[in-house]
Structures are given as structure tokens and as C-alpha cells.
Amino acid sequence: MPVVDTAALLHWPIERLRGCIAAYSQLQELERLSPPRVMLVEAAGIDWRNEPVALAQAAAAKTGDLARLSQVDLEVLALTIASGEVLHTDDYSLQNVCRAQGLSFAAVSNKASKQQWRWELRCTGCKAKVPVTSKEPRDCDICGSPMLVKRGR
Ligand SMILES: [Zn+2]
């Protein structure tokens, strides 16, 4: 059964969600986003799971997507890594990490992205480039200007 991200929990027909794998934290996210949807989804017999996110974090750091992924995103990615099932997500960063790791993914609604890319930090002052290694914003080591996350080439 596929792993589904929160967009699928929100938009897929309940029949299609039956038996799908999702993270416990997505249920809390759903309670915030759409309380009326929670009861329907709870009746769908989702396979709620919980996996440690260390491998997912390492995988996301490799492509520079870590700063773009929420804790819930990382938990969804952890389920995908642990189960080896197809991840259904429209999140381009999750798709990007899956592609780099050789994990299968499919779109929820939009078309899946086809391009591989990596994110990097670029200095707004001297234009220096460094890899994204954490979620924290940082300043340039060379000139002290703030650094922004940009798509690398
Ligand atoms: Zn700089």
C-alpha cells in the first residue's frame, strides 16, 4: 500500500485511502487543516505508523532539501524509506529527495517533477555558495551578509 502525504489525506476519495500508510503526526496536521475531514479519514482504516526520522534527515540534507521540509514531511519520508512503498506527494522537495534516493513516488494531483536539482545557500553580499546543512538561517562566513536558499545548478 502506498504512503500518502497530507494532501492525499485531504483530497483523495476515502475508498482510495483505505489501507494506505501515513504518519501519526499527519492526523494532528489534519485536525488543524480540516476538522470535518478527520472523522472520515479515521474511518478509512489508514495504517498509521511512526518511524525515526534520522535516515530521512540525512537523505534530505544530501540534496539540500532539509530546510524546505517540515517535521511532518520528514516523518512521511521516513515511512517511505522504511516501507519501500510508493510515496504519493505533490511536494517537489520530497519528490526530489525520493529521486536522489531511488525511492518511488507519484503525484497526488499535480504532475510529478521530472528534473533533479539541489538547493544551496547563496550569500546576498559576495555571492559565495555553500551546501545547505541545517534548517537554521545563517550568515556568510566570508562577508557576514545573510545567506538565502537558492536552486543550485
Ligand atoms: Zn558573503
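In this text, all values refer to a predicted model and were calculated from it rather than measured experimentally.

This brings us to the environment of glycine 144. Structurally, the position occupied by glycine 144 is in the loop between β7 (129-131) and β8 (147-151). Between the C-alpha atom of glycine 144 and that of glycine 125, which follows or precedes it by 19 residues, the distance is 8.1 Å.

Leaving glycine out, the prevailing phi sign among residues is negative, and the prevailing peptide bond configuration is trans. For lysine 127, which is not glycine, the phi torsion reads 70 degrees and is therefore positive. Mapped onto the fold, lysine 127 is located in the loop between β6 (119-123) and β7.

Every protein donor of the zinc ion is listed here as Cys123 (SG), Cys126 (SG), Cys140 (SG) and Cys143 (SG), and their distances to the metal cover 2.3 to 2.4 Å. Mapped onto the polypeptide sequence, the residues donating to the zinc ion form the spacing pattern C-x2-C-x13-C-x2-C. With a gap of 17 residues between them, cysteine 126 in the loop between β6 and β7 and cysteine 143 in the loop between β7 and β8 connect regions that are remote in the sequence. Judged by its relative accessible area of 38%, cysteine 143 falls in the partly exposed class.

Attention shifts here to helix α6 (residues 71-83). The end-to-end C-alpha distance of α6 is 18 Å, a good match for the 18 Å that 13 residues give at a rise of 1.5 Å each. Among the residues of α6, those classed as buried are Val72, Asp73, Leu74, Glu75, Val76, Leu77, Ala78, Leu79 and Thr80.

So, about the sheet that holds β6. In spatial order, the strands read β7-β6-β8; together these three strands make up an open sheet with antiparallel pairing. A single partner strand is all that each edge strand has here, and the edge strands are β7 and β8. Across the sheet, the mean angle from the axis of one strand to that of its neighbour is 40 degrees, orientation sign disregarded. Note: β6 against β7, three bridges, orientation antiparallel. Bridge pairing in β7 links leucine 121 to valine 130.

In this section: the environment of alanine 58. Summarising the element assignment, alanine 58 is placed in helix α5 (residues 54-63). Separated by 23 residues in the primary sequence, alanine 58 and isoleucine 81 place their C-alpha atoms 12 Å from one another.

All right, on to the side chain of arginine 122 then. Tracing the backbone through its elements, the reader meets arginine 122 in strand β6. Note on arginine 122: relative accessible area 17%, which makes it buried. At a separation of 3.2 Å, a polar atom in the side chain of arginine 122 contacts the main-chain carbonyl oxygen of arginine 151.

Attention shifts here to the packing of helix α3 (residues 24-33) against α6. Taken N-terminus to C-terminus, the directions of α3 and α6 make an angle of 145 degrees; their axes are 9 Å apart at the nearest point. The way α3 lies across α6 gives a crossing that is left-handed. The residues of α6 that touch α3, namely those facing Ser25, Gln26 and Glu29, are Val72, Glu75 and Val76. Per-class residue counts for the contact of α3 with α6 are two nonpolar, two polar and two charged.

Bringing the pattern of salt bridges into the picture now. Counted according to the given criterion, the structure contains four salt bridges. The closest approach of N and O atoms between glutamate 15 and arginine 18, which form a salt bridge, is 3.2 Å.

For the rest of this paragraph, the subject is the domain arrangement of the chain. In terms of domains, the chain is made up of domain 1 (3-106) and domain 2 (119-151). Here the C-alpha centre of domain 2 lies 29 Å away from the C-alpha centre of domain 1. Contacts between the two partners involve 11 residues from domain 1 and, on the opposite side, six residues from domain 2. For the pair domain 1 and domain 2, the summed buried surface comes to about 670 Å²; carbon and sulfur atoms form 53% of the total. For the pair domain 1 and domain 2, the number of links is zero salt bridges. Seen at the junction of domain 1 and domain 2, the total is two residue pairs in polar contact (both at pLDDT 80 or more). Residue classes in the side of domain 1 that touches domain 2 are distributed as five nonpolar, four polar and two charged.

Cut-offs used in this document
Numbering of residues starts from 1 in each chain and follows the order in which that chain's sequence is written. Selection of residues for local features in this predicted model requires a pLDDT of at least 70, selection of side-chain atom pairs for listing and counting requires 80 or more, and totals for whole chains, interfaces and linings are taken over all residues. The basis for every side-chain value is the complete set of heavy atoms in the structure, and neither hydrogens nor water enter the calculation. Numbered from the N terminus, helices here are DSSP runs of H or I no shorter than four residues, and strands are runs of E no shorter than two. The donor definition counts N, O and S atoms within 2.8 Å of each metal and applies 3.2 Å to Na, K and Ca; water is not among these atoms, so some sites may look incomplete. Relative accessibility decides the category of a residue: with a 1.4 Å probe and only protein chains considered, values under 20% of the type maximum give buried, values over 50% give exposed, and everything between is partly exposed. In this analysis, the expected span of each helix is defined as 1.5 Å times one less than the number of residues it contains. Strands are labelled as partners when DSSP assigns at least two bridges between them. Angles run from 0 to 180 degrees between N-to-C directions of axes, and those axes are lines fitted to C-alpha atoms, restricted for helices to the stretch in contact. Polar contact is the term for a pair of N or O atoms within 3.5 Å; when the atoms are in protein, one must be able to donate a hydrogen and the other to accept it, and sequence-neighboring residues count only if both atoms are side-chain atoms. Handedness of each helix crossing follows the sense of rotation of the near helix against the far helix: counterclockwise by less than a right angle gives left-handed, clockwise gives right-handed. Contacts between residues were defined by any pair of non-hydrogen atoms, one from each residue, lying within 4.5 Å. Three classes are used, and their members are as follows: Ala, Val, Leu, Ile, Met, Phe, Trp, Tyr, Cys and Pro are nonpolar, Asp, Glu, Lys and Arg are charged, and the others, Gly among them, are polar. Salt bridges are counted wherever a side-chain nitrogen of Lys or Arg sits within 4 Å of a carboxyl oxygen of Asp or Glu. Either an automatic procedure or a domain database provided the assignment from which the domain bounds are taken. For any pair of parts, buried area is found by adding up, for both, the accessible area (1.4 Å probe) each one loses once the two are put together.

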